[in-house]
Amino acid sequence: MDFFDFHHHQRSKKPGIYNLNFGDSLPESYFSAGIHPNRSENVSEENLLWLEQIALNEKCVGIGECGLDGLIDVSRENQEKIFKFQIQLANKIRKPLIIHCVRRYSQVVSLLKNAEVPVIFHGFNRKKSIGEALLKHDFYLSFGKSVLHDVNLQQFVKDFPLEKTFLETDSADFDLEMLYLKVAELKNLPLKDLKNQIYQNLKIFNIPEIL
């Protein structure tokens, strides 16, 4: 069983979920499609139609990454408008949401009260209290390279429910196996058991060969 990369940016990489850039051509692998907060300024009807059409592709397993970012020069109003559209789209086509969130956790959680599908916060590397608050809403968390060196995050991952966990490279250049080995060590689990549970968690995406 291979190391599944929940969220990555390498078109040829398998197995995993490729984050399709807005307007790009389709990859051969499974992918997610969305409008990143930093692209939510001046979004046209044509742009939204593109997303609606691409989201129906059988290889598109999730909507995102989408959400809110407090560090970018895009108005909160525009970010929220596009995020709300994507929540509604995900509800309509029954595909999970992959969330990008930077310094806007309370606002994102408030908007996600309208979500009727599974929700995964990708690249989680924040403090324990935020992670625990997200878990209370039954959200999944995906962890990346920060787990390899952040001691506080390691402690959180150790205690975080495995059935709500995914692992990813995002845009970082490192060997995903190192992350799997580290998480298996933190949880005192055989590597194969960790991999098996990750694949069980993926059932929320209705990927045929995993079901």
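As a reminder, the structure under discussion sits directly above these lines.
Bear in mind that the values here come from a model prediction, so they are computed numbers and not experimental data. (Residues numbered from 1 in each chain as written. Predicted model: local features only at pLDDT ≥ 70, side-chain atom pairs only at ≥ 80, totals over all residues. Heavy atoms only, no water.)

Draft legend 1. The arrangement of the overall build of the protein chain in detail. Helix and strand content of the protein chain: seven helices and eight strands. Taken against the 2.2 N^0.38 rule, which gives 17 Å for 211 residues, the C-alpha radius of gyration of the protein chain at 16 Å falls within 12% of a compact globule. With respect to the principal axes defined by its C-alpha atoms, the protein chain has extents near 50 × 35 × 30 Å. The long-range share in the protein chain, meaning contacts at least 24 apart out of those at least 6 apart in sequence, stands at 61%. Accessible surface, the protein chain as shown: approximately 10,500 Å² in total, 45% of it carbon and sulfur. (Helix = DSSP H or I, 4+ residues; strand = E, 2+ residues; numbered from the N terminus. Rg over C-alpha atoms; globule rule 2.2 N^0.38 Å. Contact = heavy atoms within 4.5 Å. Areas by Shrake-Rupley, 256 points an atom, 1.4 Å probe, with all protein chains shown as cover.)

Draft legend 2. Region of the structure containing the packing of helix α1 (residues 45-55) against helix α2 (residues 76-93). Remark: α1 packs on α2, axes separated minimally by 11 Å, with the N-to-C direction vectors making an angle of 25°. When the axis of α1 is compared with that of α2, the two are roughly parallel. Where α1 crosses over α2, the handedness of that crossing is right-handed. Contacts between α1 and α2 involve Leu-48, Leu-51, Glu-52 and Ala-55 on the former and, on the latter, Ile-82, Phe-85, Gln-86, Leu-89 and Ile-93. When the residues that make up the contact of α1 with α2 are grouped by side-chain class, the tally is seven nonpolar, one polar and one charged. (Axes fitted to C-alpha atoms, helices over the stretch in contact; angles between N-to-C directions. Parallel < 35°, antiparallel > 145°, perpendicular 65-115°, else oblique. Left-handed = near helix turned anticlockwise from the far one by under 90°. Nonpolar A, V, L, I, M, F, W, Y, C, P; charged D, E, K, R; others polar.)

Draft legend 3. How the structure looks around the side chain of Asn-201. Looking at where Asn-201 falls in the secondary structure, it is placed in helix α7 (residues 191-201). You can call Asn-201 buried: its relative accessible area is 4%. Within polar-contact distance, the side chain of Asn-201 engages the backbone oxygen of Leu-162 at 3.0 Å. Dropping the residues within four chain positions of it, Asn-201 is found in contact with Leu-162, Glu-163, Lys-164, Thr-165 and Phe-166. (Buried < 20%, exposed > 50% of the residue type's maximum accessible area, 1.4 Å probe, protein only. Polar contact = N/O pair within 3.5 Å; in protein donor to acceptor, adjacent residues only side chain to side chain.)

Draft legend 4. Here's a closer look at the environment of Asp-5. Within the secondary structure, Asp-5 sits in strand β1 (residues 5-8). Along the chain, Asp-5 and Gly-62 lie 57 residues apart, while their C-alpha atoms are 14 Å from each other.

Draft legend 5. Examining the state of the cysteines more closely. Scanning all chains against the criterion turns up zero disulfides. Not engaged in a disulfide, the cysteine Cys-101 finds its nearest cysteine sulfur in Cys-66; these two sulfurs lie 11 Å apart. Relative accessible area serves as the criterion here: at 10%, Cys-101 is assigned to the buried category. (Disulfide = S-S within 2.5 Å.)

Draft legend 6. View of empty space enclosed by the protein. Following the criterion strictly, the structure yields one cavity of 30 Å³ or more and no others. Looking at the largest cavity, its volume works out to about 30 Å³. In this structure, the largest cavity is lined by Ile-35, His-36, Pro-37, Ser-40, Cys-66, Gly-67, Gln-79, Ile-82, Phe-83 and Gln-86. With four residues, α2 is the largest single contributor of residues to the lining of the largest cavity. When grouped by side-chain class, the residues that make up the lining of the largest cavity number five nonpolar, five polar and no charged. (1 Å grid on protein atoms, 1.4 Å probe; cavity = no way out; pocket = protein on both sides within 12 Å on 5 of 7 lines; lining within 4 Å. Points joined across faces, edges and corners; volume = space filled by probe spheres on them.)

Draft legend 7. Main features of the layout of surface pockets. What the largest pocket holds in volume is close to 330 Å³. Residue contributions to the lining of the largest pocket peak at three residues, all from strand β5 (residues 97-102). The class makeup of the residues in the lining of the largest pocket is nine nonpolar, seven polar and five charged. The wall of the second largest pocket is formed by twelve residues, among which Pro-15, Gly-16, Tyr-30, Ile-207 and Glu-209 lie closest to the centre.

Draft legend 8. Region of interest: the nonpolar core. With 69 residues, the main nonpolar core has Leu-97, Ile-99, Leu-112, Phe-121, Phe-143 and Phe-205 as its most contacted residues. Beyond its immediate chain neighbours, meaning those up to four positions away, Phe-121 contacts Ile-99, Cys-101, Tyr-105, Val-108, Leu-112, Leu-134, Phe-139, Tyr-140, Leu-141 and Ser-142. (Core = buried A, V, L, I, M, F, W, Y, C linked by side-chain atoms within 4.5 Å.)

Draft legend 9. Structural view of the environment of Leu-135. Counting through the fold element by element, Leu-135 comes out in helix α4 (residues 128-136). Take Leu-135: its relative accessible area is 29%, and that puts it in the partly exposed class. Distance in space between the C-alpha atoms of Leu-135 and Pro-161 is 8.9 Å, their sequence separation being 26 residues. Not counting residues within four places of it along the chain, the set of residues in contact with Leu-135 comprises Phe-160, Pro-161 and Lys-164.

In short, the description is geometric, and any link to function would need to be established separately.
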